[in-house]
Amino acid sequence: MRVTTVNVNGIRAAVKKGMTEWVTENNPDILLLQEVRAPEELVEGLLPGEWKVVQQASRAKGRSGVAIAVRPSLEVTGARVGLEGDNDVDSGRWVEADVTVGSTTVTFISAYLYSGTATKEEVMAAKYRHLDMAQARLAQIEGELLMAGDFNIVRGPKDIKNFKPNHNKTSGVLDREMAYLEDWFSRYEDVHRNLVGDVQGPYTWWSQRGKAFDTDAGWRIDYQMATKALADTATNASVGRAADYASRWSDHAPVTIDYDVSSF
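Rules used in this analysis
- Residues numbered from 1 in each chain as written.
- Predicted model: local features only at pLDDT ≥ 70, side-chain atom pairs only at ≥ 80, totals over all residues.
- Heavy atoms only, no water.
- Helix = DSSP H or I, 4+ residues; strand = E, 2+ residues; numbered from the N terminus.
- Rg over C-alpha atoms; globule rule 2.2 N^0.38 Å.
- Buried < 20%, exposed > 50% of the residue type's maximum accessible area, 1.4 Å probe, protein only.
- Polar contact = N/O pair within 3.5 Å; in protein donor to acceptor, adjacent residues only side chain to side chain.
- Pairing = 2+ DSSP bridges.
- Contact = heavy atoms within 4.5 Å.
- Axes fitted to C-alpha atoms, helices over the stretch in contact; angles between N-to-C directions.
- Core = buried A, V, L, I, M, F, W, Y, C linked by side-chain atoms within 4.5 Å.
- 1 Å grid on protein atoms, 1.4 Å probe; cavity = no way out; pocket = protein on both sides within 12 Å on 5 of 7 lines; lining within 4 Å.
- Points joined across faces, edges and corners; volume = space filled by probe spheres on them.
- Nonpolar A, V, L, I, M, F, W, Y, C, P; charged D, E, K, R; others polar.

1. Brief notes about the overall build of the protein chain
Alright, step 1. For the protein chain, the helix and strand inventory stands at 8 helices and 12 strands.
Alright, step 2. Since a compact globule built from 264 residues should have a radius of gyration of about 18 Å, the 17 Å found for the protein chain is in line with a globular shape.
Alright, step 3. When its C-alpha atoms are laid out on the principal axes, the protein chain stretches across 45 × 40 × 40 Å.
Alright, step 4. Scored against the burial criterion, the 264 residues of the protein chain give a buried share of 56%.

Written out as structure tokens, the structure is:
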């Protein structure tokens with residue numbers, strides 16, 4: 001089972017820049033998308049091949065939006081959109097799909113967590129409310145789980161090239177934010193990190209400003225987080241970093257992980 005997560009930074013623009021070809025070549029079984037920024041009725045038609053798509057579009061046109069696309073070979077038995085209490089924060093950031101994998105039901109979540117602005121108290125307050133809602137929902141889910149997406153938070157110095165100048169100054173590198181991830185990863189596995197080991201990166205997002213991509217001044221903020229039983233079946237991970245700036249179809253790179261679920 002091949003699972004890919006990627007923030008597409010607008011699916012219509014991504015398709016025009018080469019996303020369709022990438023999906024066709026890499027052939028994921030489950031595709032978790034963030035920042036879709038398109039009406040629900042359009043997304044399925046923009047993806048190559050056949051898919052069952054579950055999506056939460058944002059209430060604000062042209063913003064956010066998350067989706068889970070599943071190949072017909074896998075059965076989707078349930079779906080839920082949004083988080084309890086998310087009426088007071090931006091929508092289009094959380095969608096769940098229950099998928100039958102072998103003889104086991106796995107809950108997949110595509111999450112686009114708040115980015116925040118460290119210097120704006122009201123913006124950070126909204127981010128922490130959203131993280132609290134996500135934490136509460138995770139506590140309710142029983143059984144096998146794979147939550148993936150753009151978490152907009154690093155775990156530590158290995159996940160960002162310039163940790164010291166950003167630490168406790170830039171949103172995504174604040175101790176209070178990182179504490180949420182450490183709590184989650186005390187109960188779930190950071191599948192990508194488990195596979196690549198204690199190395200710098202690999203990064204999954206680069207600022208559009210300056211020469212961040214060219215100098216690989218990136219952040220690892222896109223994750224696949226899974227229950228231990230599912231994480232233990234992971235065999236290979238890759239980051240689909242474009243060959244050069246001009247060939248990128250998003251400011252994020254896809255994170256793809258292969259799972260050997262023959263024992264499920």
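Next comes the rest of the write-up.
2. Re the environment of Asp-190
Alright, step 1. Mapped onto the secondary structure, Asp-190 falls in strand E9 (residues 189-190).
Alright, step 2. You can call Asp-190 buried: its relative accessible area is 2%.
Alright, step 3. Of note is the side chain of Asp-190, whose polar atom sits 2.7 Å from the side chain of Arg-220.

3. Focus on the sheet that holds strand E10 (residues 222-226)
Alright, step 1. If you trace the 6 strands from one edge of the open sheet to the other, you get E5-E6-E7-E8-E10-E9, paired in mixed fashion. Every interior strand has two partners, whereas the edge strands, strand E5 (75-81) and E9, have only one.
Alright, step 2. Contacts from helix H4 (residues 121-140) reach E5, strand E6 (94-101), strand E7 (104-112), strand E8 (144-150) and E10 within the one sheet, and its direction differs from that of E6 by about 25 degrees.

4. Side note on the nonpolar core
Inside soluble globular proteins, nonpolar side chains tend to come together where they are buried.
Alright, step 1. In this structure, Trp-94, Ile-109, Leu-138, Met-147, Phe-151, Trp-184 and Met-225 are the most contacted members of the largest nonpolar core, which totals 32 residues.
Alright, step 2. If you list the elements that add at least two residues to this core, you get E7, H4, E8, helix H6 (175-184) and E10.
Alright, step 3. Not counting chain neighbours up to four residues away, the residues in contact with Phe-151 comprise Leu-113, Tyr-114, Leu-181, Trp-184, Ile-221, Tyr-223 and Met-225.

5. Notes on the side chain of Thr-204
Alright, step 1. Inspection of the secondary structure assignment puts Thr-204 in the loop between helix H7 (191-196) and E10.
Alright, step 2. Here Thr-204 falls in the buried class, since its relative accessible area comes to 0%.
Alright, step 3. Excluding anything up to four places from it in sequence, Thr-204 contacts Trp-219, Arg-220, Ile-221, Asp-222, Val-239, Asp-251, His-252, Ala-253 and Val-255.

6. Observations concerning the layout of surface pockets
In this approach, a probe sized like a water molecule rolls over the atoms, and the result shows the empty space that is left.
Alright, step 1. Looking at the largest pocket, its volume works out to about 520 Å³.
Alright, step 2. In terms of lining residues, the largest pocket is bounded by 24 residues, among which Ser-171, Trp-205, Ser-207, Arg-209 and Trp-219 are the most central.
Alright, step 3. Here the lining of the largest pocket is composed, by residue class, of 6 nonpolar, 13 polar and 5 charged.
Alright, step 4. Considered as a void within the structure, the second largest pocket measures approximately 150 Å³ in volume.

7. Some points on the side chain of Arg-220
Alright, step 1. Along the chain, Arg-220 falls in the loop between H7 and E10.
Alright, step 2. Residue Arg-220 is classed as buried on the basis of its relative accessible area of 1%.
Alright, step 3. Excluding its chain neighbours within four sequence positions, the residues that come into contact with Arg-220 are Ile-153, Val-154, Arg-155, Asp-159, Asp-190, His-192, Arg-193, Gly-201, Pro-202, Tyr-203 and Thr-204.

8. Quick word on the sheet that holds strand E12 (residues 255-259)
Alright, step 1. Spatial ordering of the open sheet is given by E3-E4-E2-E1-E12-E11, a layout of 6 strands whose pairing is mixed. Of all the strands in the sheet, just strand E3 (52-56) and strand E11 (234-239) have a single pairing partner and so form its edges. Mean inter-strand twist for the sheet, computed between neighbouring axes without regard to direction, equals 15 degrees.
Alright, step 2. Examined bridge by bridge, strand E2 (residues 30-34) and strand E4 (residues 66-70) share 5 bridges and lie antiparallel to one another. From the neighbouring strand, Leu-32 faces E4, where its bridge partner is Ile-68.

9. Focus on the pairing of E10
Alright, step 1. For E10, the tally of buried residues reaches 5 of 5 residues, placing the bulk of the element in the interior.
Alright, step 2. Residues of E10 alternate between two faces, with Asp-222, Gln-224 and Ala-226 on one and Tyr-223 and Met-225 on the opposite face, all of them buried.
Alright, step 3. Bridge count between E8 and E10: 5 bridges; the pairing is antiparallel. When the bridges of E10 are listed, Ala-148 appears paired with Gln-224.
Alright, step 4. With 2 bridges joining them, E9 and E10 adopt antiparallel strand pairing. Bridging across to E10, Asp-190 finds its partner in Met-225.

10. Considering the environment of Ala-237
Alright, step 1. Its place among the elements puts Ala-237 in strand E11.
Alright, step 2. For the pair Ala-237 and Ile-257, spaced 20 residues apart in sequence, the C-alpha to C-alpha distance is 4.4 Å.
Alright, step 3. Ignoring sequence-local partners within four residues, the contact set of Ala-237 consists of His-192, Leu-195, Thr-256 and Ile-257.

11. Overview of unusual backbone geometry
Most peptide bonds take the trans form, and the phi angle of most residues other than glycine is negative.
Alright, step 1. Going from Gly-201 to Pro-202, the amide bond is cis rather than trans, its omega being -10 degrees.
Alright, step 2. The residue Pro-202 is located in the loop between H7 and E10 in this model.
Alright, step 3. The backbone of Asn-9 sits at a positive phi, close to 55 degrees, despite the residue not being glycine.
Alright, step 4. Among the secondary structure elements, Asn-9 is positioned in the loop between strand E1 (2-7) and helix H1 (11-17).
Alright, step 5. Despite not being glycine, Asn-152 has its phi angle at roughly 60 degrees, a positive value.
Alright, step 6. As for its position among the elements, Asn-152 is in the loop between E8 and helix H5 (163-166).
Alright, step 7. Judged by its relative accessible area of 12%, Asn-152 is buried.

Any link to function would need more than the numbers given here.
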